[in-house]
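Here are the chains, one letter per residue:
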Amino acid sequence: LASSRSTMDGGNASTSPAAACGWNFIVLMSRQGKIRLSEFFSSYTDSEKRRILRDIAADVLPRQPKMCNIIEKGTYKFVYRRYASLYFVAGVPEGMNELIVLEQIHLFVEALDSYFSSVCELDLVFSLHKSLLILFEMFIGGMLCESSKREVLKQIVEAEELVEEMTKPGEDTASQLDDGLSFQEQFQLGRKPGRRTGPQGSARM
């Protein structure tokens, strides 16, 4: 048993635990190359992130519908699905099963569709924070941790109800939901992190 295990490990390095840890990143891009959502679960520099986004625009957007949904990029690969005018592109380790990734993308789309009642590109533009809440409820560190759409939507609804109960009259409910987002994600929403104001106009940190 030990010898067979060592043979398998030595014969295929992609079977290591690190090769199947989950998504490195997820990017939602329109046909015009507009970024509607992006989340990096692995550590990348700003220049690396920009290069990945350029590669997606250059490699994925021009592809024909009947072409393969997998593009190898060295240490990782793009696995994508197109829904209407949006491309859902997941960056995964080279040893990860592409069919599983395609099913995970579809599961994420179904969760968005259930919440927004037939999701469209405008839903992502004007409700980015809700899309990210659904993403974070399903994926932790790029790994799928909750596959039940009913449970995901239940948690999102409970979070929204809790925010509404804690929000004072005159306060922005969306700004309360933004508290768990990074500065970059809040800037994408047009917020000013750390400078939100309450009903009396006083700044809140």
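Note that the coordinates shown come from a computational prediction; the quantities given were computed from them, not determined experimentally. (Residues numbered from 1 in each chain as written. Predicted model: local features only at pLDDT ≥ 70, side-chain atom pairs only at ≥ 80, totals over all residues. Heavy atoms only, no water.)

Participant: Explanation requested: the overall build of the protein chain in the structure shown.
Facilitator: The helix and strand inventory of the protein chain stands at eight helices and nine strands. Total accessible area computed for the protein chain in this model is approximately 11,800 Å², and 53% of it derives from carbon and sulfur atoms. (Helix = DSSP H or I, 4+ residues; strand = E, 2+ residues; numbered from the N terminus. Areas by Shrake-Rupley, 256 points an atom, 1.4 Å probe, with all protein chains shown as cover.)

Participant: Whenever I open this one, the packing of helix α5 (residues 128–138) against helix α6 (residues 149–166) confuses me. Can you help?
Facilitator: Two numbers describe how α5 lies on α6: the axes approach to 10 Å, and their chain directions differ by 130°. One way to sum up the angle between α5 and α6 is to call them oblique. Crossing handedness for the pair α5 and α6: right-handed. Where α5 approaches α6, its residues Lys130, Leu133, Ile134, Glu137 and Met138 are matched on the opposing element by Val152, Gln155, Ile156 and Glu160. Residue composition of the contact of α5 with α6, by class: five nonpolar, one polar and three charged. (Axes fitted to C-alpha atoms, helices over the stretch in contact; angles between N-to-C directions. Parallel < 35°, antiparallel > 145°, perpendicular 65-115°, else oblique. Left-handed = near helix turned anticlockwise from the far one by under 90°. Contact = heavy atoms within 4.5 Å. Nonpolar A, V, L, I, M, F, W, Y, C, P; charged D, E, K, R; others polar.)

Participant: Mind showing me how you'd approach helix α3 (residues 98–116) here?
Facilitator: The end-to-end C-alpha distance of α3 is 27 Å, a good match for the 27 Å that 19 residues give at a rise of 1.5 Å each. Two to three positions downstream of the cap, the backbone nitrogen of Leu99 sits 2.9 Å from a side-chain oxygen, assigning the N-cap of α3 to Asn97. Phi turns positive, to about 60°, at Ser117, one or two residues after α3. (Expected span 1.5 Å × (residues − 1). Polar contact = N/O pair within 3.5 Å; in protein donor to acceptor, adjacent residues only side chain to side chain.)

Participant: What exactly am I supposed to notice about the nonpolar core here?
Facilitator: Across soluble globular proteins, nonpolar side chains show a tendency to be buried alongside one another. Judged by nonpolar contacts, the single largest core of 31 residues is most densely connected at Trp23, Phe108 and Ile134. Listed by contribution, the elements that provide at least two residues to this core are β1 (25–30), β5 (86–93), α3, α5 and α6. Of the residues forming this core, the biggest block, 10 residues, is contributed by α3. Not counting residues within four places of it along the chain, the set of residues in contact with Ile134 comprises Phe108, Ala111, Leu112, Tyr115, Val152 and Ile156. In this structure, Val60, Ile71, Phe78 and Val89 belong to the second largest nonpolar core, which totals 15 residues. (Core = buried A, V, L, I, M, F, W, Y, C linked by side-chain atoms within 4.5 Å. Buried < 20%, exposed > 50% of the residue type's maximum accessible area, 1.4 Å probe, protein only.)

Participant: Explain the packing of aromatic side chains here, please?
Facilitator: Between two aromatic rings, the relevant description is the distance of the centres plus the angle of the planes. Applying the stated rule across the entire model yields 11 aromatic pairs. Through a chain of ring-to-ring contacts, the aromatic side chains of Phe25, Phe40, Tyr44, Tyr76 and Phe78 assemble into a single cluster. (Phe/Tyr/Trp six-rings, centres within 6.5 Å; stacked < 30°, edge-to-face > 60°.)

Participant: Would you mind showing me how to read a negative patch on the surface here?
Facilitator: Taken together, the side chains of Glu158, Glu161, Glu164 and Glu165 make up a negatively charged region of the molecular surface. Topologically, Glu158 is positioned in helix α6. Overall, the relative accessible area of 38% leaves Glu158 in the partly exposed class. (Patch = residues over 30% accessible without salt bridge, like charges linked within 9 Å, V, L, I, M, F, W, Y side chains within 5 Å. Salt bridge = Lys/Arg side-chain N within 4 Å of Asp/Glu carboxyl O. Lys, Arg positive; Asp, Glu negative; His and termini not counted. Charge placed at Lys NZ, Arg CZ, Asp CG, Glu CD.)

Participant: How should the sheet that holds strand β2 (residues 35–40) be read in this particular structure?
Facilitator: Sheet strands line up and pair through hydrogen bonds in the backbone, either parallel or antiparallel. The strand order β2-β1-β5-β4-β3 describes an open sheet built from five strands, whose pairing is antiparallel. Looking at strand neighbours, the two that pair on one side only are β2 and β3 (70–72), the edges of this open sheet. Each adjacent strand pair in this sheet contributes to an overall mean axis angle of 20°, direction not counted. Sheet strands touched by α5: β1 and β2. Its angle to β2, the strand with the most contacts, is close to 35°. (Pairing = 2+ DSSP bridges.)

Participant: What am I meant to see in unusual backbone geometry here?
Facilitator: Glycine aside, the phi torsion of most residues is negative, and most peptide linkages are trans. Look at Ser117: it is not a glycine, yet its phi comes out positive at around 60°. As for its position among the elements, Ser117 is in the loop between α3 and α4 (121–126). We classify Ser117 as exposed; its relative accessible area is 60%. A positive phi is found at Ser118, a non-glycine position, where the angle reads about 75°.

Participant: I tried to follow the environment of His106 on my own but got confused; where do I start?
Facilitator: Checked against the element boundaries, His106 lands in helix α3. Separated by 26 residues in the primary sequence, His106 and Tyr80 have C-alpha atoms spaced 10.0 Å apart. Beyond its immediate chain neighbours, meaning those up to four positions away, His106 contacts Arg81 and Tyr83.

Participant: Help me understand the confidence of the model for the protein chain in this model?
Facilitator: Should the pLDDT be low somewhere, the predicted coordinates at that spot are not to be read in detail. When pLDDT is averaged along the protein chain, the result is 79; 71% of the residues meet or exceed 70. Scored below 50 in pLDDT, residues 1–19 makes eight contacts in the model with residues more than four places away or belonging to other chains. Confidence over residues 193–205 falls short of pLDDT 50; this stretch has 24 contacts with residues more than four positions distant or in other chains. (pLDDT = per-residue confidence, 0-100.)

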